[in-house]
Amino acid sequence: MFGNLVQIELIRLIKSTALKISAAIAVFLIFFCMILVDYVKYLGGFAFINNDVLTPPMIEISVFTVIYFMAASVVAPVTVIFTTCSYQTSRLSVNIEGAVRNRLKLCLSELAGIALLDVILSLMMFPVIVIMCLSYRSELNPMDLLSELDIVYMFISMTLSNLYGCLIAYLISKFTSNPMLAMAVSILYSVVSYAGIVFLTGFVSGNGDNGIIIPDSLRDVFFYIVLSIPIIALSIALAVRYKKADRI
């Protein structure tokens, strides 16, 4: 039963109109940015780089991965917001919750479907990278992608980062059926959290200059605690809301 719920959620996400529209816009922007990079290369903009590893093909692949990451970090949460908010308006709550009363199982199945979509979006950059490697096979050593660019680390980082953004968007969307409101709150959270990270980074650096040494391991633990606070708070609020709804 759980597998069927995950499959239903994944189908809803993939067939979402929001995914189709946002993905089409993202593909256009990625294509446009890569044309600009090729134009800069044609004008000799990379001529000043004198590095055996950081070759123009490697720069193009690096730029593509960064642009793709930025596009995926927008496409995935937008899809999650519109798909989750449509849960009530399409009366899925009546059809699905009538058969499955365990709300925790429903939420976990939705999160599993979102995680699968996130992995799929991250994996989709590899065919393009392979095509770029084949087109530059005489100028590029594929092993540099693992040793210098560290493409595996970038894939894992992109997947986990987008998953975190999707999780926040999912929890926020659970409190409203208005996707625009959920998107506005998600954007506000992103701005506030980014500003908070910049502030904490500056605070730690400033204390380091003043002689207060904070171990790197402690910094990482504190950083993850700060990131987990909104998830815990939203999860508790959602559980309370479900409890109240069950009593009515």
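Everything that follows concerns the structure shown earlier in this document.
Overview of the structure. (Residues numbered from 1 in each chain as written. Predicted model: local features only at pLDDT ≥ 70, side-chain atom pairs only at ≥ 80, totals over all residues. Heavy atoms only, no water.)

### As for the overall build of the chain
Line of reasoning, step 1. Check the secondary structure of the chain and you find 10 helices and zero strands.
Line of reasoning, step 2. Scanning the chain from its N terminus toward the C terminus, one meets helices and strands in the order α-α-α-α-α-α-α-α-α-α.
Line of reasoning, step 3. By the burial criterion, 36% of the 248 residues in the chain qualify as buried.
Line of reasoning, step 4. In the chain, once contacts between residues fewer than 6 apart in sequence are set aside, the share between residues at least 24 apart is 83%.
Line of reasoning, step 5. Carbon together with sulfur atoms contributes 72% to the accessible area of the chain, which is approximately 15,000 Å² in total. (Helix = DSSP H or I, 4+ residues; strand = E, 2+ residues; numbered from the N terminus. Buried < 20%, exposed > 50% of the residue type's maximum accessible area, 1.4 Å probe, protein only. Contact = heavy atoms within 4.5 Å. Areas by Shrake-Rupley, 256 points an atom, 1.4 Å probe, with all protein chains shown as cover.)

### Observations concerning the packing of aromatic side chains
Line of reasoning, step 1. Under the criterion given, the structure shown has three aromatic pairs.
Line of reasoning, step 2. Aromatic side chains Phe28 and Phe32 sit 6.5 Å apart centroid to centroid with 20° between the ring planes, which places their arrangement in the stacked category. Here Phe28 pairs with Phe32, and both are found in helix H2 (residues 17-42), just four residues apart, close to one helical turn. (Phe/Tyr/Trp six-rings, centres within 6.5 Å; stacked < 30°, edge-to-face > 60°.)

### Quick look at the pattern of salt bridges
Line of reasoning, step 1. Evaluation of the coordinates by the stated rule reveals two salt bridges.
Line of reasoning, step 2. Between Glu9 and Arg12 there is a salt bridge, with its nearest N and O atoms 2.9 Å apart. Here Glu9 pairs with Arg12, and both are found in helix H1 (residues 2-14), just three residues apart, close to one helical turn.
Line of reasoning, step 3. The buried category is assigned to Arg12, whose relative accessible area is 16%. (Salt bridge = Lys/Arg side-chain N within 4 Å of Asp/Glu carboxyl O.)

### What to know about the packing of helix H6 (residues 125-135) against helix H8 (residues 151-173)
Each packed pair of helices is defined by two parameters, the angle between the axes and the distance between the axes.
Line of reasoning, step 1. As a packed pair, H6 and H8 sit with axes 12 Å apart at the nearest point and diverge in direction by 155°. Taken together, H6 and H8 sit at an angle that is classed as roughly antiparallel. Two packed elements cross with a definite hand, and for H6 against H8 that hand is right-handed. Residues Met125, Phe126 and Ile129 of H6 form the contact with H8, whose own contacting residues are Ile151, Phe155 and Met158.
Line of reasoning, step 2. In the contact of H6 with H8, the residues fall into six nonpolar, no polar and no charged. (Axes fitted to C-alpha atoms, helices over the stretch in contact; angles between N-to-C directions. Parallel < 35°, antiparallel > 145°, perpendicular 65-115°, else oblique. Left-handed = near helix turned anticlockwise from the far one by under 90°. Nonpolar A, V, L, I, M, F, W, Y, C, P; charged D, E, K, R; others polar.)

### Regarding H8
Residue pairs three or four apart in sequence face the same way in an α-helix, which turns once every 3.6 residues.
Line of reasoning, step 1. With 23 residues, H8 should cover 33 Å at 1.5 Å per step; its first-to-last C-alpha distance of 32 Å lies within 8% of that length.
Line of reasoning, step 2. Three or more residues of H8 are buried, namely Ile151, Phe155, Met158, Thr159, Asn162, Cys166, Ile168, Ala169, Tyr170, Leu171, Ile172 and Ser173. (Expected span 1.5 Å × (residues − 1).)

### Comments concerning the nonpolar core
Line of reasoning, step 1. Counting residues in each nonpolar core, the largest one holds 46 residues, and the members touching the most others are Ile30, Ile61, Phe64, Tyr68, Met125, Ile129 and Leu145.
Line of reasoning, step 2. Mapped by element, the contributors of at least two residues to this core are H1, H2, helix H3 (56-89), helix H5 (103-123), H6, H8, helix H9 (179-209) and helix H10 (216-247).
Line of reasoning, step 3. Among the elements that line this core, the one with the most residues is H3, at 13 residues.
Line of reasoning, step 4. Apart from the residues lying within four places of it in its own chain, the contact partners of Leu145 are Met58, Ile61, Ile129, Cys133, Asp150 and Ile151. (Core = buried A, V, L, I, M, F, W, Y, C linked by side-chain atoms within 4.5 Å.)

### What to know about a nonpolar patch on the surface
Line of reasoning, step 1. Together, Ile21, Ile25, Phe28, Leu29, Phe32 and Leu36 make up an exposed nonpolar region whose accessible area comes to about 600 Å².
Line of reasoning, step 2. Topologically, Leu29 is positioned in helix H2. (Patch = residues over 30% accessible without salt bridge, like charges linked within 9 Å, V, L, I, M, F, W, Y side chains within 5 Å.)

### As for the side chain of Thr79
Line of reasoning, step 1. You can see Thr79 is positioned in helix H3.
Line of reasoning, step 2. Beyond its immediate sequence surroundings of up to four residues, Thr79 is in contact with Leu13, Ser16, Ala18, Leu19, Ser22 and Leu117.

### Section: H6
Line of reasoning, step 1. For H6, the set of buried residues is Met125, Ile129, Met132 and Cys133. In an axial view of H6, the angular spread of the buried residues amounts to 100°, which keeps them on one side of the axis. Away from its buried face by more than 90 degrees, H6 exposes Ile131, Leu134 and Ser135. (Arc of directions from axis to C-beta.)

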